[in-house]
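Chains, contacts and geometry: an overview
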Amino acid sequence: MDFTLTEEQLMVQQAARDFAQNELLAGIIERDDAQQFPTEQVKKMAELGFLGMMVDSKYGGSGLDTLSYVLVMEELSKIDASSSVIVSVNNSLVCWGLEAFGSEAQKEKYLTKLATGEIIGAFCLSEPEAGSDATSQKTTALDKGDHYILNGTKNWITNGNSAEVYLVIAQTDIEKGHKGINAVIVEKGMEGFEIGPKENKMGIRSSDTHSLIFNDVKVPKENRIGEDGFGFKFAMKTLAGGRIGIAAQALGIAAGAYELALKYSKERKAFGTEIANHQSVAFKLADMHTKIQAARHLVYKAAWDKDNGNNYDLSGAMAKLYAAETAMEVATEAVQIHGGNGFVKEYHVERLMRDAKITQIYEGTSEIQKIVISRSILKG
Ligand SMILES: Cc1cc2nc3c(=O)[nH]c(=O)nc-3n(C[C@H](O)[C@H](O)[C@H](O)COP(=O)(O)OP(=O)(O)OC[C@H]3O[C@@H](n4cnc5c(N)ncnc54)[C@H](O)[C@@H]3O)c2cc1C
């Protein structure tokens, strides 16, 4: 078993680490406070090729493997999980979905711009009454011959206002249940497409989360992804890969919080010595480090499965579950190690703790990951 990263993977990892330190850290507290979208930072990430990492170079992507993508997600998330979720949605859900299942015309028209980061995309599955239970789609895309008429509301959509292209899941044929669902490409500015107000969030505050409203939006038939009725499968297959990206985000949040706590524990003195010399602090660090390393192995294994053509439903779900739980636990302990300083913004760990929480919720809650995992192991 070879755990060494290739030269290329190490270079990409270093580029992301440098970018996060040099470009994401500055102004992060203010962006988080103001819920300000990182427009300039996204442009620079596009220049670095971080927005279409796994897309073939013929469509303008970086043509890298999933492990490289995971390494970048981890490094960005150590500092700024708001920026990394923008990267994750564009890469795993939008670009990957289009490259894997879109028509050649859709790839030419949309993927080429999304992969270079000229524009960004959004993935729109969740609804007020369809979150974990994604089959309960109320949004409809009624077949009108050469086009669909789209009606309904999506909520919690990442990149909701900053995207130009939206992959929208909707019910075409109610009788057919989840086999009557389609995924269609909607462009910003299509008549009848409204963007709702921005959510005021606990964490990942500078990412841009909105509800979307569709009122008789006319979507050409050629914007349907895959065969008629493929929409639910499209969503599930795309989310299976998305979970690897969010698992890497959770891993990065945990690692970022741990690095800050480790440094602080060697500087802060109490009872005449650095707090790291108190065994209860040192043992916390030992537990944090061990769990992060275990999470890293699960995340890299899921990426490796995807890169090697193996099924990654189970490994991706286990990676997402364990990394998200680790992120929450480690970030909370990092705040504890910082004492009072952990409770204020300047030391960054309180933001990482708030950001960690979302990794247990989106792209399938921790409970939903346990359903995926238990079904898979019980099936034998
Ligand atoms: C900041 C943010 C960004 C998001 N971005 C996107 C996006 O870009 N695109 C998108 O489509 N969605 C997005 N989402 C939506 C997200 O994926 C959903 O919030 C998530 O899937 C949970 O759905 P829900 O909120 O409806 O919770 P519910 O499904 O109502 O769940 C509530 C609770 O019940 C539990 N639960 C539900 N069913 C079961 C069960 N069968 N067994 C055990 N427990 C269960 C859940 O685990 C949870 O704890 C985002 C959400 C947030 C908060």
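What you see is a predicted model, and the numbers here were worked out from it, not measured in a lab.

1. Describing the nonpolar core
The biggest cluster of nonpolar side chains holds 95 residues, and the ones touching the most others in it are Leu-98 and Val-299. Among the elements that line this core, the one with the most residues is helix 7 (residues 231-267), at 18 residues. Not counting residues up to four positions away in its chain, the partners in contact with Leu-98 are Gln-106, Lys-107, Tyr-110, Leu-111, Leu-114, Leu-167, Ile-185 and Ile-225. In this structure, Ala-141, Tyr-148, Phe-193 and Val-217 belong to the second largest nonpolar core, which totals 18 residues.

2. Notes on the side chain of Ser-77
Mapped onto the fold, Ser-77 is located in helix 4 (residues 66-79). A residue is classified by how much of its surface remains accessible, and Ser-77, at 0% relative accessible area, is buried. Engagement of the side chain of Ser-77 in a polar contact is seen with the backbone oxygen of Met-73, the distance being 2.5 Å. At a separation of 2.9 Å, a polar atom in the side chain of Ser-77 contacts the side chain of Ser-84. Discounting chain neighbours no more than four positions away, the residues touching Ser-77 are Ser-84, Ala-248, Gln-249, Gly-252, Ile-253 and Leu-352.

3. Thoughts on the site of the ligand
Taken together, the neighbourhood of the ligand is formed by 18 residues, with Ser-126, Ser-132, Trp-156, Thr-365 and Glu-367 sitting nearest. One of the side-chain nitrogen or oxygen atoms of Ser-132 is found 2.6 Å away from an oxygen atom of the ligand. One of the backbone nitrogen or oxygen atoms of Trp-156 is found 2.7 Å away from a nitrogen atom of the ligand. Considered on its own, the ligand offers 980 Å² of accessible surface; in the complex 65% of this is hidden by protein. When residues of the shell around the ligand are traced back to their parent elements, those giving at least two are strand 1 (121-124), strand 3 (147-158) and helix 11 (366-379). Looking at which element gives the most residues to the shell around the ligand, the answer is strand 3, with 3 residues. Partitioned by chemical class, the residues of the shell around the ligand number 10 nonpolar, 5 polar and 3 charged.

4. Details of the pattern of salt bridges
Once their charged atoms are close, side chains differing in charge can pair, the charge on each being opposite to the other. One pass over the structure, following the stated rule, counts 19 salt bridges. With a shortest N-O distance of 2.4 Å, Lys-291 and Glu-329 are connected by a salt bridge. One end of the pair, Lys-291, is in helix 8 (residues 279-307); the other, Glu-329, is in helix 9 (residues 313-337), and 38 residues separate them in sequence. Linked by salt bridges that have partners in common, Arg-17, Glu-75, Lys-78 and Glu-259 make up one network.

5. Concerning the environment of Phe-19
Note that Phe-19 resides in helix 1 (residues 7-24). When the C-alpha positions of Phe-19 and Gln-41 are compared, they lie 9.3 Å apart, and in sequence the two are 22 residues distant. With residues near it in sequence (within four places) discarded, Phe-19 still touches Leu-24, Gln-41, Lys-44, Met-45, Leu-48 and Leu-76.

6. Considerations on the packing of aromatic side chains
A complete count under the given rule lists 9 aromatic pairs for this structure. Here the aromatic rings of Trp-96 and Phe-101 are separated by 5.7 Å at their centres, their planes lie at 85 degrees, and the arrangement is edge-to-face. Connected via pairs of aromatic rings, a cluster forms that spans Trp-96, Phe-101, Phe-123, Phe-230 and Phe-234. Sitting over the ring of Tyr-148, Lys-221 keeps its end group 5.3 Å from the ring centre. Lying over the aromatic face of Tyr-312, Lys-306 brings its terminal NZ or CZ to 6.0 Å of the ring centre.

7. Considerations on the pairing of strand 1
Covered by surrounding structure in strand 1 are Gly-121 and Phe-123 together with Ala-122 and Cys-124, the residues of both alternating faces. Relative to strand 4 (residues 165-171), strand 1 runs parallel, the two being bridged by 4 bridges. When the sheet's bridge partners are listed, Phe-123 is paired in strand 4 with Leu-167.

8. Considering the packing of helix 9 against helix 10 (residues 349-359)
It is at 8 Å that the axes of helix 9 and helix 10 come closest, and there the two elements cross at 155 degrees. In terms of orientation, helix 9 lies roughly antiparallel with respect to helix 10. Both helix 9 and helix 10 take part in a crossing whose hand is left-handed. From helix 9, Lys-320, Ala-324, Ala-327, Met-328, Ala-331, Thr-332, Ala-334 and Val-335 reach across to helix 10, where they touch Val-349, Glu-350, Leu-352, Met-353, Ala-356, Lys-357 and Thr-359.

Rules used in this analysis
Residues numbered from 1 in each chain as written. Predicted model: local features only at pLDDT ≥ 70, side-chain atom pairs only at ≥ 80, totals over all residues. Heavy atoms only, no water. Core = buried A, V, L, I, M, F, W, Y, C linked by side-chain atoms within 4.5 Å. Buried < 20%, exposed > 50% of the residue type's maximum accessible area, 1.4 Å probe, protein only. Helix = DSSP H or I, 4+ residues; strand = E, 2+ residues; numbered from the N terminus. Contact = heavy atoms within 4.5 Å. Polar contact = N/O pair within 3.5 Å; in protein donor to acceptor, adjacent residues only side chain to side chain. Near = heavy atom within 4 Å. Areas by Shrake-Rupley, 256 points an atom, 1.4 Å probe, with all protein chains shown as cover. Nonpolar A, V, L, I, M, F, W, Y, C, P; charged D, E, K, R; others polar. Salt bridge = Lys/Arg side-chain N within 4 Å of Asp/Glu carboxyl O. Phe/Tyr/Trp six-rings, centres within 6.5 Å; stacked < 30°, edge-to-face > 60°. Lys NZ or Arg CZ within 6 Å of the ring centre and 35° of its normal. Pairing = 2+ DSSP bridges. Axes fitted to C-alpha atoms, helices over the stretch in contact; angles between N-to-C directions. Parallel < 35°, antiparallel > 145°, perpendicular 65-115°, else oblique. Left-handed = near helix turned anticlockwise from the far one by under 90°.

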